[in-house]
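# Chains, contacts and geometry: an overview
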Amino acid sequence: MALGFEVVEMPHTLADFATAYDNPKARARDLELALLDPEIKAVVSTIGGSESYRIFQFVAFARSSETIYRVL
């Protein structure tokens, strides 16, 4: 724990570059899983720029009992 936060890695967080690049659907699913998990209070991207944009088309609306999230 750092500063009181517990880091939760999703399945593809530590994937090598080729695996991450070749699997945008899997990375989108990681984001959906994080948004649906009621124990996760915040999401911090470990990759950005055009890579974040590449997964956008695969991210579905994620719904919890309290909030509807949409990734913009």
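This write-up is about the structure you can find in this document. Since the model is a prediction, treat every value here as computed from it, not as a measurement. (Residues numbered from 1 in each chain as written. Predicted model: local features only at pLDDT ≥ 70, side-chain atom pairs only at ≥ 80, totals over all residues. Heavy atoms only, no water.)

### A few points about the packing of aromatic side chains
The condition that has to hold: Aromatic rings from Phe, Tyr and Trp, with only the six-membered ring used for Trp, were paired whenever their centres fell within 6.5 Å, and each pair was classed as stacked if the ring planes differed by under 30 degrees, edge-to-face if by over 60, and tilted otherwise. Put simply, DSSP H or I for four residues or longer makes a helix, DSSP E for two residues or longer makes a strand, and each gets a number counted from the N terminus. Each residue gets one of three labels from its accessible area relative to the maximum for its type: buried under 20%, exposed over 50%, partly exposed in between, using a 1.4 Å probe on protein chains only. Cation placement over rings: the criterion is NZ of Lys or CZ of Arg within 6 Å of the ring centroid and within 35° of the ring normal.
One pass over the structure, following the stated rule, counts 1 aromatic pair. Measuring from centroid to centroid gives 5.9 Å for Phe17 and Tyr21, while their planes differ by 20°, and the two rings are stacked. Separated by 4 residues within a single helix, Phe17 and Tyr21 lie in helix 1 (residues 17-22), roughly one turn from each other. Exposure remark for Phe17: the relative accessible area of 62% places this residue in the exposed category. Stacked on the ring of Tyr21, the Lys or Arg Arg54 has its end atom at 4.0 Å from the ring centre.

### As for the environment of Met10
Condition: Residue contacts are counted whenever heavy atoms from the two residues lie within 4.5 Å of one another.
Looking at the secondary structure, you find Met10 in the segment before helix 1. With 21 residues separating them in the primary sequence, Met10 and Leu31 have C-alpha atoms 7.9 Å apart. In this structure, Met10 is in contact with Asp30, Leu33, Ala34 and Ile40, ignoring residues within four places of it in sequence.

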